[in-house]
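# Structural description and commentary
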Amino acid sequence: MAEPQGWIDCHDPFGRDRSMTVLVENDRVLLVAPPGESAVMSATQTRRLHRLLDQAAASSASSAEG
């Protein structure tokens, strides 16, 4: 079962509040975008997503080793 790693607030193209969720499942990282939408992110949100994906990748790598 996928474990939530975190989420990043973002917007859809119409300015509505949305979020992108990062999950870790065994040795894989799952990025869940707003359903049927595009995610519009600021530079700060993009940097947060980068850090969150790095953490998820490290977590998935340790799951693969164990």
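Residues numbered from 1 in each chain as written. Predicted model: local features only at pLDDT ≥ 70, side-chain atom pairs only at ≥ 80, totals over all residues. Heavy atoms only, no water.

### Regarding the overall build of the protein chain
What counts here: Strands here mean DSSP runs of E at least two residues long; helices mean DSSP runs of H or I at least four residues long; both are numbered from the N terminus. Two residues qualify as a contact provided that any one of their heavy atoms is within 4.5 Å of a heavy atom in the partner residue. We get accessible surface area from the Shrake-Rupley algorithm with a probe of 1.4 Å; when it comes to residues, only the shown protein chains can shield them. A residue counts as positive if it is Lys or Arg and as negative if it is Asp or Glu; His and the chain ends are not included. Charge positions come from single atoms, namely NZ of Lys, CZ of Arg, CG of Asp or CD of Glu.
The secondary structure content of the protein chain amounts to one helix and three strands. Walking the protein chain from its N terminus toward its C terminus, one meets helices and strands in the order β-β-β-α. Along the three orthogonal principal directions, the C-alpha set of the protein chain runs to about 45 × 25 × 10 Å. Pairs at least 24 residues apart make up 45% of the contacts formed inside the protein chain by residues separated by at least 6 positions. Carbon and sulfur atoms make up 52% of the accessible area of the protein chain, which amounts to about 4,500 Å² in all. If the 6 positive side-chain charges of the protein chain are averaged to one point and the 9 negative ones to another, these points end up 8 Å apart.

### Let's talk about the sheet that holds strand β3 (residues 28–32)
Under the convention used in this document: Pairing between two strands is assigned when DSSP locates at least 2 bridges connecting them. For every element, the axis is a line fit to its C-alpha atoms; helices are fit only across the contacting stretch, and the angle between N-to-C directions ranges from 0 to 180 degrees.
Read across the sheet, three strands follow the order β1-β2-β3 without closing on themselves; strand pairing throughout is antiparallel. The open sheet terminates on both sides in strands that have one partner only, identified here as β1 (3–11) and β3. Averaged over neighbouring strand pairs, the angle between their axes works out to 20 degrees when direction is ignored. Bridging between strand β2 (residues 17–25) and β3 involves five bridges; their strand directions are antiparallel. Its bridge partner being in β3, Val-22 is matched across the sheet by Leu-31.

### Quick look at the pairing of β1
When a strand is regular, its side chains alternate between the sheet's two faces. Sheet analysis places β1 next to β2, joined by eight bridges and oriented antiparallel. Bridged to His-11 within β2 is Asp-17. Hairpin connection between β1 and β2: a loop of five residues separates the two successive antiparallel strands, and Gly-15 in this loop has a positive phi of roughly 85 degrees.

### Let's talk about unusual backbone geometry
Here is the rule: We call a residue buried when its accessible area falls under 20% of the maximum for its residue type, exposed when it is over 50%, and partly exposed in between, using a 1.4 Å probe and counting protein chains only.
For Asn-26, which is not glycine, the phi torsion reads 55 degrees and is therefore positive. Its place among the elements puts Asn-26 in the loop between β2 and β3. For Asn-26, a relative accessible area of 55% corresponds to the exposed category.

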